[in-house]
Amino acid sequence: RLFNYKSWETLRFLLSNLRLWIDVYGFDGFRFDGVTSMLYHNRGLGQGFSGDYNEYFGVNTDREAVVYMMLANDLVQRLLPDTGITIAEDVSGMPTLCRPLEEGGIGFDYRLAMAIPDMWIKIVKEVKDEDWSMGHIVHTLTNRRWMEKCIAYAESHDQCLVGDQTLAFRMMGKDMYTSMTVLQPLNAVVDRGISLHKMIRLVVHGMGGEGYLNFIGNEFGHPEWLDFPRAGNNESYQHARRQWNLVDDQNLVYKFMNEFDMAMNLLEEKHGWLNIAMGFAAERYHEEDKTISFERAGLVFCFNFHPSKSHTDYKVGLNQAGEYRIVLDSDWPEFG
């Protein structure tokens, strides 16, 4: 059941709740969960959204819920004009969801790019390396409403919980218990897993949106899952933790993924590609070569996802001629 957004008392309760978290607890960011179920009278159930505007602006749209979200966003912006952030979890692609209120938009700052983690887990689980579609990856990473900002992320929090697996655990499995030491050569499973872990994160960071989200511990390939004490596990605390000792242990390869994640984020902090639109791309992907390349913020991103073929003197079309230097390489020794 959802709230009755027609009721003044309901609106006062919900808006007062927002203010409580801001005034009392100092929160400055809010993720609105399940926005799709609020936007439509049918809760978005059993309906596919193709992007046609007729699917969004009609009698199925819950106007009272839309007004509540506009009021909520206005409240956060008034109370936190320089720091407040609101993020919508919407799978329908509602237009104007992340446009300013003064334009008639609903006023969120970002929407979660939920299709991206769904795509990666499906590829990793079901598709052979040699069958990965570069076109499908690029389309999913760039398929978003024009001038509406998105938060990109490689894997969702659901994949970190009991019953599911993170990308690292999905790719390396049982080898994470026995083959993560630097004291012996990496086996093929771990070598592949670490390589893809780094590449997937960078291509998502560089191409997927205007913000980047990581769930704590996934930056270094945390194994296993997160599970809080409950009746189903006999109130166990065994998995109610993040194992920071793994990344701190210099004899384990978790440090390589962590170092790459830090270098990636520091590079973005320096060049600010999340605040700049995608640049020139003569050919963003090549299916046979399994490559993806693009420009953003004066940087040239190049990825080789081919499982067995390295490319020497590979040519990439650029908008600006000049001499370029490598500022980040996933194959550098410090990254494993």
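Cut-offs applied
- Here the residue numbering is sequential within each chain, running from 1 through the sequence in written order.
- The predicted nature of this model means local features are confined to residues of pLDDT at least 70 and side-chain atom pairs, given and counted, to a pLDDT of 80 or more, with totals for whole chains, interfaces and linings taken over all residues.
- As a rule here, side-chain values cover all heavy atoms of the structure and leave hydrogens and water aside.
- Helix numbering and strand numbering both begin at the N terminus, where a helix is a DSSP run of H or I of at least 4 residues and a strand a DSSP run of E of at least 2.
- Take the residue count of a helix, subtract one, and multiply by 1.5 Å to get its expected span.
- The contact criterion used is simple: two residues touch if any of their non-hydrogen atoms lie within 4.5 Å.
- One bridge is not enough; two strands pair if DSSP finds at least two bridges between them.
- Axes here refer to lines fitted to C-alpha atoms; in helices the fit is confined to the stretch in contact. Angles between the N-to-C directions go from 0 to 180 degrees.
- Relative accessibility thresholds used throughout: buried, under 20% of the residue-type maximum; exposed, over 50%; partly exposed, between the two (1.4 Å probe, protein chains only).
- Basic side-chain nitrogens of Lys or Arg form a salt bridge, by our definition, when they fall within 4 Å of a carboxyl oxygen of Asp or Glu.
- Whenever a pair of cysteine sulfur atoms sits within 2.5 Å, that pair is classed as a disulfide.

Caption draft 1: Just helix α4 (residues 115-126), in detail. Look at α4: 16 Å from first C-alpha to last across twelve residues, which is about the 16 Å you get at 1.5 Å a residue. Here the buried face of α4 lies against α5 (134-142), β4 (150-152), α6 (167-172) and α7 (188-207).

Caption draft 2: Region of the structure containing the sheet that holds strand β2 (residues 85-88). Pairing in this open sheet of five strands is parallel, and the strands run β1-β2-β3-β4-β5 from one edge to the other. Both outer strands of the open sheet, β1 (29-32) and β5 (211-212), are each paired with one neighbouring strand and no more. Pairing between strand β3 (residues 110-112) and β4: two bridges, direction parallel. Looking at the pairing, R111 lines up with C150 of β4.

Caption draft 3: Looking closely at the sheet that holds strand β7 (residues 291-296). What the three strands build is an open sheet, ordered β6-β7-β8; its pairing is antiparallel. The sheet is open, and its two borders are formed by β6 (285-286) and β8 (299-304), each paired with just one other strand. Sheet analysis places β6 next to β7, joined by two bridges and oriented antiparallel. Bridge pairing links H286 to T291 in β7. Strands in contact with α7 are β7 and β8; relative to β7, the strand with the most contacts, it is inclined by about 40°.

Caption draft 4: Quick peek at helix α9 (residues 254-271). Look at α9: 26 Å from first C-alpha to last across 18 residues, which is about the 26 Å you get at 1.5 Å a residue. Residues of α9 that are buried: Y254, K255, F256, M257, F260, D261, M264, L267 and E268. Among the structural elements, α6, α7, β5, α8 (244-248) and β8 are those in contact with the buried residues of α9. G272 occupies a position one or two residues after α9 and carries a positive phi of about 65°.

Caption draft 5: View of the pattern of salt bridges. Evaluation of the coordinates by the stated rule reveals 16 salt bridges. Across the pair E155 and R201 runs a salt bridge, and its minimum N-O distance is 2.4 Å. Of this pair, E155 sits in the loop between β4 and α6 while R201 sits in helix α7, and the two are 46 residues apart along the sequence. In this structure, E155 and R201 share a single accessibility class: buried. Ionic pairing is found between K309 and D289, a salt bridge with its closest N-O pair at 3.8 Å. Taken together, the positions of K309 in the segment after β8 and D289 in the loop between β6 and β7 put the pair 20 residues apart, joining distant regions of the chain.

Caption draft 6: Representation of the state of the cysteines within the structure. Using the criterion set out here, one finds zero disulfides in the structure. C150 forms no disulfide, and the closest cysteine sulfur to it belongs to C98, at a distance of 6.7 Å.

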